[in-house]
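Residue-level listing of the chains:
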Amino acid sequence: MLTITTDNGSEFAAHELITKGLNGVTVYFADSYCSWQKGLVEYTNKLIRQYIPKGSDFSIVTPQFIKRVQSKLNKRLREKLNFSTPMKEFFKHFS
């Protein structure tokens, strides 16, 4: 069973549209203030903090910088993915 567990943020309000092409994927929303329910989200936040430290002024962070960080993280090898990348694993579902 394939699942996605995420925060309750407004960025996931369109989760049905996001997962439309991902047959068999169930989306779960973690309870507020229960970080242990979303370990991957917390781990990803930690990776993002390597590029954008906590307390950063987001008014000076450009969309281009965000895209570069996104690209780096999506191309980063992950042990949990048998040393594949999130990008490769995502696109496996569309080929």
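Up top you'll find the structure we're talking about.
Residues numbered from 1 in each chain as written. Predicted model: local features only at pLDDT ≥ 70, side-chain atom pairs only at ≥ 80, totals over all residues. Heavy atoms only, no water.

Undergrad: What exactly am I supposed to notice about the overall build of the chain here?
TA: In terms of helices and strands, the chain carries four helices and two strands. The order of α-helices and β-strands along the chain, N terminus first, is β-α-β-α-α-α. Considered along the principal axes of its C-alpha atoms, the chain spans approximately 40 × 30 × 25 Å. With 95 residues in all, the chain has 18% of them scored as buried. As presented, the chain carries roughly 7,700 Å² of accessible surface, and 57% of it is formed by carbon and sulfur atoms. Computed over 14 positive and 8 negative side-chain charges, the inter-centroid distance for the chain is 10 Å. (Helix = DSSP H or I, 4+ residues; strand = E, 2+ residues; numbered from the N terminus. Buried < 20%, exposed > 50% of the residue type's maximum accessible area, 1.4 Å probe, protein only. Areas by Shrake-Rupley, 256 points an atom, 1.4 Å probe, with all protein chains shown as cover. Lys, Arg positive; Asp, Glu negative; His and termini not counted. Charge placed at Lys NZ, Arg CZ, Asp CG, Glu CD.)

Undergrad: I'm lost on the layout of surface pockets in this one. Help?
TA: Rolled over the atoms, a probe as big as a water molecule pinpoints where empty space is left. When its volume is computed, the largest pocket comes out at roughly 2,000 Å³. What lines the largest pocket is a set of 43 residues, among which I4, L40, T44, N74 and P86 lie closest to the centre. When residues of the lining of the largest pocket are traced back to their parent elements, those giving at least two are β1 (2-6), α1 (15-18), β2 (25-29), α2 (39-49), α3 (63-74) and α4 (86-92). When residues of the lining of the largest pocket are assigned to their parent elements, the largest contribution, eight residues, is made by α2. Tallied by class, residues from the lining of the largest pocket come to 22 nonpolar, twelve polar and nine charged. (1 Å grid on protein atoms, 1.4 Å probe; cavity = no way out; pocket = protein on both sides within 12 Å on 5 of 7 lines; lining within 4 Å. Points joined across faces, edges and corners; volume = space filled by probe spheres on them. Nonpolar A, V, L, I, M, F, W, Y, C, P; charged D, E, K, R; others polar.)

Undergrad: I tried to follow the side chain of R78 on my own but got confused; where do I start?
TA: Looking at the element boundaries, R78 is found in the loop between α3 and α4. We note that R78 is buried and unpaired, the nearest opposite charge coming from E79 at a distance of 10 Å. (Salt bridge = Lys/Arg side-chain N within 4 Å of Asp/Glu carboxyl O.)

Undergrad: Would you take a moment to explain unusual backbone geometry for this structure?
TA: Most of the time, phi is negative for any residue but glycine, and the peptide bond is trans. One non-glycine residue, Y33, lies in positive phi territory at about 60 degrees. Structurally, the position occupied by Y33 is in the loop between β2 and α2. Despite not being glycine, N82 shows a phi value in the positive range, around 55 degrees. Position of N82 relative to the elements: it lies in the loop between α3 and α4. Residue N82 is classed as exposed on the basis of its relative accessible area of 70%.

Undergrad: Got a minute to help me understand the pattern of salt bridges in this structure?
TA: Applying the stated criterion across every chain yields a total of three salt bridges. A salt bridge links K38 to D7; its shortest N-O distance comes to 3.3 Å. Of this pair, K38 sits in the loop between β2 and α2 while D7 sits in the loop between β1 and α1, and the two are 31 residues apart along the sequence. For K38, a relative accessible area of 11% corresponds to the buried category.

Undergrad: Can you help me understand a nonpolar patch on the surface in this one?
TA: Where nonpolar side chains cluster on the molecular surface, the patch consists of M87, F90, F91 and F94 and spans about 400 Å² of accessible area. Its relative accessible area of 44% is what places F94 among the partly exposed residues. (Patch = residues over 30% accessible without salt bridge, like charges linked within 9 Å, V, L, I, M, F, W, Y side chains within 5 Å.)

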